[in-house]
Amino acid sequence: MLPTRWHRQAVQAVCRVRDPGCVVTDVPSVTDAVLVLLSEPVDVVVVDTGLAGDMLGVLQHHARRSAPRAKMGLFSAELHSGSPAATGDLSQGHPWSDMEAILDRLLQDA
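About the thresholds
Residues numbered from 1 in each chain as written. Predicted model: local features only at pLDDT ≥ 70, side-chain atom pairs only at ≥ 80, totals over all residues. Heavy atoms only, no water. pLDDT = per-residue confidence, 0-100. Helix = DSSP H or I, 4+ residues; strand = E, 2+ residues; numbered from the N terminus. Contact = heavy atoms within 4.5 Å. Salt bridge = Lys/Arg side-chain N within 4 Å of Asp/Glu carboxyl O. Buried < 20%, exposed > 50% of the residue type's maximum accessible area, 1.4 Å probe, protein only.

Caption draft 1: View of the confidence of the model for the chain. Residue-level pLDDT values for the chain average 84, and 86% of them are 70 or greater. Model confidence for the chain, summarised as mean pLDDT per element, is weakest for helix H5 (residues 99–109) at 88 and strongest for helix H2 (residues 30–39) at 94. Confidence drops under a pLDDT of 50 for residues 79–90, and excluding neighbours within four residues, the segment shows 12 contacts in the predicted structure.

Next up, the structure:
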């Protein structure tokens with residue numbers, strides 16, 4: 001679940017450099033993401049926490065059940081100095097500016 005075309009292109013570029021044969025599937029909602037998890041093998045899930053909203057926990061639950069080996073990268077565009085991510089709790093998401101490094105690490109581990 002990616003917020004803009006730029007994000008989709010950036011994620012695709014990083015994935016294809018790391019693994020030229022990879023398939024990147026962009027979905028518009030948590031429901032669609034869960035359907036993909038139930039129907040296809042998934043190595044890495046990239047999620048904008050703002051788009052997932054209150055359904056993020058549902059997505060994480062289904063990812064653990066349907067694709068337990070899949071790695072999940074959570075990203076957030078809205079990081080403020082008092083936010084959990086800014087204070088070290090990255091369960092709320094990494095900043096999108098760190099996407100390339102985080103995604104590269106997740107793909108290495110996948």
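Picking up after the structure, the text goes on.
Caption draft 2: Here's a closer look at the environment of threonine 31. Following the sequence through the fold, threonine 31 ends up in helix H2. As for threonine 31 and leucine 59, which are separated by 28 residues in sequence, their C-alpha atoms are 8.1 Å apart.

Caption draft 3: Seen up close, the pattern of salt bridges. For the structure shown, the criterion picks out two salt bridges. Across the salt bridge formed by aspartate 26 and arginine 8, the nearest N and O atoms sit 3.4 Å from each other. A residue pair is termed long-range when its members are at least 10 positions apart, and aspartate 26 in the loop between helix H1 (5–18) and H2 and arginine 8 in helix H1 qualify at 18 residues. On the basis of relative accessible area, aspartate 26 is assigned to the partly exposed category, the value being 31%. Ionic pairing is found between aspartate 104 and arginine 18, a salt bridge with its closest N-O pair at 3.3 Å. With aspartate 104 in helix H5 and arginine 18 in helix H1, this pair connects stretches of sequence that are 86 residues apart.

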